[in-house]
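Listed here are the chains, written in short residue letters.
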Number of protein chains: 2
Amino acid sequence: MQIIHAAIEVFKRKGYEASTMQDIVEETGMSRGWVYLYFSSKEDMMQAILVTNQKEQDTLFKTLFTSEHSVWAGVNKIFDIMEAQLNDASDDLIIAVYEYFLSGWRLSDRRSFLDSHFEKKHESLFYYLQKGVANGEFKPEVDLEVIMKMITSYFDGLLLHTKSAGCKNVRVKEQLILFKSILKKVLQVHDLEGDL
Amino acid sequence: MQIIHAAIEVFKRKGYEASTMQDIVEETGMSRGWVYLYFSSKEDMMQAILVTNQKEQDTLFKTLFTSEHSVWAGVNKIFDIMEAQLNDASDDLIIAVYEYFLSGWRLSDRRSFLDSHFEKKHESLFYYLQKGVANGEFKPEVDLEVIMKMITSYFDGLLLHTKSAGCKNVRVKEQLILFKSILKKVLQVHDLEGDL
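Residues numbered from 1 in each chain as written. Chains lettered and ligands numbered in written order. Predicted model: local features only at pLDDT ≥ 70, side-chain atom pairs only at ≥ 80, totals over all residues. Heavy atoms only, no water.

Quick look at the packing of aromatic side chains now. Residues and elements named next belong to chain B. According to the stated counting rule, one finds 22 aromatic pairs over all chains in the structure shown. Here Trp72 and Phe138 contribute two aromatic rings whose centre-to-centre distance is 6.3 Å and whose plane-to-plane angle is 90°, an arrangement assigned as edge-to-face. Pair noted here: Trp72 is in helix α5 (residues 71-87) and Phe138 is in the loop between α7 (108-134) and α8 (144-165), with a separation of 66 residues, a long-range link. Phe138 carries the same exposure label as Trp72, and that label is buried. (Phe/Tyr/Trp six-rings, centres within 6.5 Å; stacked < 30°, edge-to-face > 60°. Helix = DSSP H or I, 4+ residues; strand = E, 2+ residues; numbered from the N terminus. Buried < 20%, exposed > 50% of the residue type's maximum accessible area, 1.4 Å probe, protein only.)

Encoded structure:
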């Protein structure tokens, strides 16, 4: 949708706090009244962006499950997508999203939205990994939920560092290779053909 | 120092963006002129806080090296400190620090400060871990710098998640146990007495 697209561009450019509804209205090229018909604040827009991202993530996991020959192959694809996102210096939307999370920490309305967003984001990854347990690919050493939450904590920290210090300084490529090898051990990945 | 202490209290309570010099002056109970004699902006204060934290971290590593019987025992202490920080719900300064990092992403003056802060923060952990390599405790599977950067990425992500979603939801305790066991393998920790 055109308004959301305009909001994303403005958030990328200026960050969340510094952006105003006026900036977004100008970016759409539409009238103020038209934009306000759909969204009454930049907060509404950010939530719409997050909900859309969440749906895209759900779709991604469903697609991976049908298109890849194993759940572990799908996890490898997720690492590739993560690496591409980290390498894309122009993708500053994530900065605005973290800003939104952090600055909203004290606002109780935003808190409940963020809590449910956090839950949903984790659920879809959890269900995906669980399929690997169900089909015998993974025999996790510890509670799968803890592994899944470690993955998302790590990925968010890596994004935060990369966006603040750059891919080269953070040694993203090598970090991801290391973390994937760790995950393979922790999940005890068995190839579906039988070998470890 | 009293002014820094007041700034920390204000940043914890209101976050970085929402805080003003006026708030901090009021918190100190001093005159405006007196406060401005030392700091001309909240930016100056945040940088002073970060530099102080950095020095405390350096001191911590030095203390650990002399007080603990091994580098790995020191790493265990670092995990304990991390867990205490994560469990301390009132420690919201970290939220303000991340906010400062993220909102400053586009300001070139702040960028160079943040880059050098990032470097220094990593250096002290790196030198500490390197002592474990030097004394034969650690035989890291991969480049030690990559392991060290993975640790800090993970810790920052864990902090971010815990401060947004709470310790219980994030399953901090279990995550830290898992991550420590991973680190022990990746560093290939050998007990100084000989056993693995």
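The next thing to look at is empty space enclosed by the protein. Considering all chains together, one arrives at 1 cavity of 30 Å³ or more under this definition. For the largest cavity, the calculated volume is near 90 Å³. Lining the largest cavity, in full, are Glu141(A), Leu178(A), Ser181(A), Ile182(A), Lys185(A), Val186(A), Glu141(B), Ile182(B), Lys185(B) and Val186(B). Mapped onto the lining of the largest cavity, the elements with two or more residues apiece are α10 (172-186) of chain A together with α10 (172-186) of chain B. Ranked by residues supplied to the lining of the largest cavity, first place goes to α10(A) with 5 residues. (1 Å grid on protein atoms, 1.4 Å probe; cavity = no way out; pocket = protein on both sides within 12 Å on 5 of 7 lines; lining within 4 Å. Points joined across faces, edges and corners; volume = space filled by probe spheres on them.)

The next point concerns the pattern of salt bridges. A full pass over the atoms with the stated rule returns 24 salt bridges over all chains. Between Lys185(A) and Glu141(B) there is a salt bridge; the shortest N-O distance is 3.8 Å. With Lys185(A) in helix α10 and Glu141(B) in the loop between α7 and α8, the pair connects residues from two separate chains. In this structure Lys185(A) comes out as partly exposed when scored by relative accessible area, which is 45%. By sharing partners, the salt bridges in this structure join Asp143(A), Glu145(A), Lys149(A), Arg171(B) and Glu174(B) into a single network. (Salt bridge = Lys/Arg side-chain N within 4 Å of Asp/Glu carboxyl O.)

Quick look at the relation of the copies chain A and chain B now. Superposing the two chain copies requires a rotation about an axis and a translation along that axis. With an RMSD of 0.0 Å, chain A superimposes on chain B once it is rotated by 180° and translated 0.0 Å along the axis. Such a combination of rotation and displacement between the chain copies is what one expects of a two-fold axis. By C-alpha distance to the rotation axis, the residue of chain A lying nearest is Gly157(A), at 1.8 Å. A symmetric contact is evident, with 100% of the interface residues of chain A recurring at the interface of chain B. (Least-squares fit on C-alpha atoms with pLDDT ≥ 70 in both. Contact = heavy atoms within 4.5 Å.)

In short, the description is geometric, and any link to function would need to be established separately.
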